[in-house]
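# A look at the structure
Now for the letters of each chain:
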Amino acid sequence: QPQDLDGFISRCEQYWNDDKVSTDEKKRMGSLFFKNNLGIRQGRVSISKKDNADHVELNKISSMDKIKFEKKLPTGWEPEKENIIIFQSSIFEEAVVPELYQHSTVYDDQLSGIKKILSDAYSYNPDVKFYLRLHPSFNFWNNKTQELELFKSLSSGFPNLEIINPDEGHCSYFMMENASKVVSFRSTTAMEAAYRKVPSIVLEDHLVAKFNCVYKPKNHQEVMQLILDKDLKPLDSDDYLKFGYYQLKYGIIPKYYQRHPEKSYEENWTYFRGKKIEPSIFIKYIIKGFEKRRLKTFYDTFNEIGRAH
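A brief look at the structure comes next. (Residues numbered from 1 in each chain as written. Predicted model: local features only at pLDDT ≥ 70, side-chain atom pairs only at ≥ 80, totals over all residues. Heavy atoms only, no water.)

## Concerning the overall build of the chain
A tally of helices and strands in the chain yields 12 helices and 10 strands. For the chain, the residues scored as buried account for 44% of the 309 residues in total. Split by element, the accessible area of the chain, about 18,100 Å² in all, is 51% carbon and sulfur. (Helix = DSSP H or I, 4+ residues; strand = E, 2+ residues; numbered from the N terminus. Buried < 20%, exposed > 50% of the residue type's maximum accessible area, 1.4 Å probe, protein only. Areas by Shrake-Rupley, 256 points an atom, 1.4 Å probe, with all protein chains shown as cover.)

Here is the structure:
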């Protein structure tokens, strides 16, 4: 599970220390994750062998591929000033399985943390400008979520903030390369900033905080010290290569089952031995019947039992 942080780190170290693969090849693969900007496509790439080396193939994402990302900076960006990007993370992970989501955080929640950072930074130095990049996953749904609206509401209360909406074409990687610092909660962008030699500050003891290439403040005071330090340097560690290598190499590549790179998750992309697998109209009808009647009753009953205990 993504919440099993200790398990992830243990496997990551196991893969990195595997002497069956040379260190140079591990570093090459780890770099590919960042060179090809694959953070935004996690879980949506295919690995293939070519010329005795692993190669990465991008898979289609309908909701993301329609956005034309450009190497351009926001309108309020002033190169001579401190420009800090905050990458917000989706709250779905802890909302779905709060019982497994037990790690330390600097702030009670992302929204209140961002408010406190913006408010205190403005008091100390109003010239420091923040850019809040809202998570691209908001593009996956047609309806605007309450979470999205709450973050967007910050734009009216803080003069030192500019919001980059999920569907805006500002390339996050280009903004990183021009930023003074990157602040994230548990986003892969923490690793991507470190790879680009930009000071990376992580506000949760989550997966990306397990690597030595990021700053890990323990409280709000330490957060502000890092943010307001004009001479802050990126940490001298290439731990991000371990992260990139594991992202591309973990798991088992199936022999017969595969996805079609031109079919997105929003479509039926299941292939077995090169053939599309799809239930017949009759089977679909039966499945829908269960969804609407029997399974719904079972689901409701199961939930009632769970609440009772």
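## Notes on the sheet that holds strand β9 (residues 270-272)
Read across the open sheet, the 3 strands follow the order β8-β9-β10; overall the sheet is antiparallel. Bordering the open sheet on either side are β8 (257-259) and β10 (275-276), each of which pairs with just one other strand. Bridge analysis of β8 against β9 gives 3 bridges, and the strand direction is antiparallel. Counted as the bridge partner of tyrosine 257 is phenylalanine 272 from β9. (Pairing = 2+ DSSP bridges.)

## As for the packing of aromatic side chains
Counting across every chain of the model gives 12 aromatic pairs. Aromatic pair phenylalanine 33 and phenylalanine 34: ring centres 5.2 Å apart, planes at 85°, arrangement edge-to-face. Taking the relative accessible area as the measure of exposure, phenylalanine 33 reaches 2% and is therefore buried. Centre to centre, the rings of phenylalanine 33 and phenylalanine 243 are 5.9 Å apart; their planes meet at 75°, and the pair counts as edge-to-face. (Phe/Tyr/Trp six-rings, centres within 6.5 Å; stacked < 30°, edge-to-face > 60°.)

## Describing unusual backbone geometry
Even without a glycine there, the phi angle at asparagine 37 is positive, about 50°. Mapped onto the secondary structure, asparagine 37 falls in the loop between α2 (23-35) and β1 (45-50). By relative accessible area, asparagine 37 is classed as partly exposed at 25%. Look at lysine 197: it is not a glycine, yet its phi comes out positive at around 60°. Turning to its location among the elements, lysine 197 is positioned in the loop between α8 (189-195) and β7 (200-202).

## So, α2
The end-to-end C-alpha distance of α2, which contains 13 residues, comes to 18 Å, matching closely the 18 Å that a straight helix rising 1.5 Å per residue would cover. Of the residues making up α2, those classed as buried are Lys26, Met29, Gly30, Ser31, Leu32, Phe33 and Phe34. In the stretch just after α2, asparagine 37 is the one whose phi turns positive, near 50°. (Expected span 1.5 Å × (residues − 1).)

## Here's the deal with helix α5 (residues 110-124)
Across its 15 residues, α5 extends 21 Å between first and last C-alpha, which sits within 8% of the 21 Å expected from 1.5 Å per residue. With a side-chain oxygen lying 3.2 Å from the backbone nitrogen of leucine 111, the N-terminal cap of α5 falls on aspartate 109. (Polar contact = N/O pair within 3.5 Å; in protein donor to acceptor, adjacent residues only side chain to side chain.)

## Observations regarding the environment of isoleucine 40
With respect to the helices and strands, the residue isoleucine 40 is situated in the loop between α2 and β1. A sequence separation of 95 residues divides isoleucine 40 from histidine 135, and the C-alpha atoms of the two residues are 9.8 Å apart.

## Details of the pattern of salt bridges
Counted by the stated rule, this structure contains 11 salt bridges. Across the pair lysine 129 and glutamate 162 runs a salt bridge whose closest N-O atoms are separated by 3.7 Å. Taken together, the positions of lysine 129 in strand β4 (residues 129-133) and glutamate 162 in strand β5 (residues 161-164) put the pair 33 residues apart, joining distant regions of the chain. Neither lysine 129 nor glutamate 162 differs from the other in exposure class; each is buried. Here aspartate 239 and lysine 242 are joined by a salt bridge, their closest N and O atoms 3.7 Å apart. (Salt bridge = Lys/Arg side-chain N within 4 Å of Asp/Glu carboxyl O.)

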